[in-house]
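# Chain and residue survey
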Amino acid sequence: MTTPRPRPPLTPRAVGALLVDTTPWLSCDECFERMDVHVEALLADPHHRDPAMEHHLQGCTACADEARSLLDLLRSGTI
Ligand SMILES: [Zn+2]
């Protein structure tokens with residue numbers, strides 16, 4: 001038996017946000033191509049926004065790990 005859960009109201013604005021959010025999906029190849037630029041931009045400006053990259057990194061553990069280690073390397077000055 002399932003307990004019915006109250007749902008948040010799905011406003012037109014919420015639907016629009018969902019539709020916009022799914023648009024900039026990248027493939028892993030595209031993500032890797034842009035990773036250097038993205039990470040360097042993040043280091044130069046912590047407020048740097050790249051929605052397409054952010055969405056991919058949120059959903060893809062492999063690329064998120066890669067981005068994190070690249071960021072760590074650049075921060076430690078190893079490269
Ligand atoms: Zn990926």
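The present account deals with the structure reproduced in this document. Numbers given for residues are sequential positions, taken from 1 along each chain in its written order. Selection of residues for local features in this predicted model requires a pLDDT of at least 70, selection of side-chain atom pairs for listing and counting requires 80 or more, and totals for whole chains, interfaces and linings are taken over all residues. Only hydrogens and water are set aside when side-chain values are computed; all heavy atoms of the structure are taken into account.

### Observations concerning the overall build of the chain
What counts, and what does not: Helix and strand definitions here come from DSSP, where helices need a minimum of 4 consecutive H or I residues and strands a minimum of 2 consecutive E residues; each element is numbered from the N-terminal end. The rule is simple: take the accessible area with a 1.4 Å probe, protein chains only, and divide by the maximum for that residue type; under 20% is buried, over 50% is exposed, in between is partly exposed.
Of regular secondary structure, the chain possesses four helices and zero strands. Across the 79 residues that make up the chain, the buried fraction comes to 20%.

### What to know about helix 2 (residues 28–44)
The condition that has to hold: A helix is expected to span 1.5 Å multiplied by its residue count minus one. Here the bend at a residue means the angle between the axes of two seven-residue stretches, the one that ends at it and the one that starts at it. Throughout, a contact is declared for two residues whenever any of their heavy atoms are within 4.5 Å.
With 17 residues, helix 2 should reach 24 Å at 1.5 Å per residue; the first-to-last C-alpha distance of 24 Å fits that figure. Of all the bends in helix 2, the greatest measures close to 50° and is centred on Arg34. Turning to helix 2, its buried residues number three or more, namely Cys31, Met35, His38 and Val39. Elements that come into contact with the buried residues of helix 2 comprise helix 3 (51–59) and helix 4 (61–76).

### Concerning the packing of helix 2 against helix 4
What counts is decided by this rule: Only the contacting stretch of a helix is used when fitting its axis, a line to C-alpha atoms as for every element, and angles between N-to-C directions run 0 to 180 degrees. Our angle categories are set so that under 35 degrees counts as roughly parallel, over 145 as roughly antiparallel, 65 to 115 as roughly perpendicular, and the remainder as oblique. By the definition used in this description, the sense in which the near helix is turned from the far one sets the handedness, with an anticlockwise turn below a right angle giving left-handed and a clockwise turn giving right-handed. Any residue that is not Ala, Val, Leu, Ile, Met, Phe, Trp, Tyr, Cys, Pro, Asp, Glu, Lys or Arg is counted as polar, Gly included; the first ten are nonpolar and the last four charged.
In the contact formed by helix 2 and helix 4, the axes pass within 10 Å of each other and the chain directions differ by 30°. In this view, helix 2 runs roughly parallel relative to helix 4, as classed from their interaxial angle. As for the relative orientation of helix 2 and helix 4, their crossing is right-handed in sense. When helix 2 is examined against helix 4, the residues Cys28, Cys31, Phe32, Met35, Asp36, Val39, Glu40 and Leu43 are found in contact with a partner set consisting of Cys63, Glu66, Ala67, Leu70, Leu71, Leu74 and Arg75. Residues that form the contact of helix 2 with helix 4 fall into these classes: eleven nonpolar, no polar and four charged.

### Observations regarding the nonpolar core
Which entries qualify depends on this criterion: Put simply, a nonpolar core is a bunch of buried Ala, Val, Leu, Ile, Met, Phe, Trp, Tyr and Cys residues held in one set by side-chain atoms that sit within 4.5 Å of each other.
Judged by nonpolar contacts, Leu26, Cys31, Met35, Val39, Ala52, Met53, Leu57, Cys60, Cys63, Ala67, Leu70 and Leu71 together constitute the single largest core of twelve residues. Within the residue set of this core, elements represented by two or more residues are helix 2, helix 3 and helix 4. Looking at this core, the element that brings in the most residues is helix 4, giving four residues. In contact with Val39, not counting residues within four places along its chain, are Ala67, Leu70, Leu71 and Leu74.

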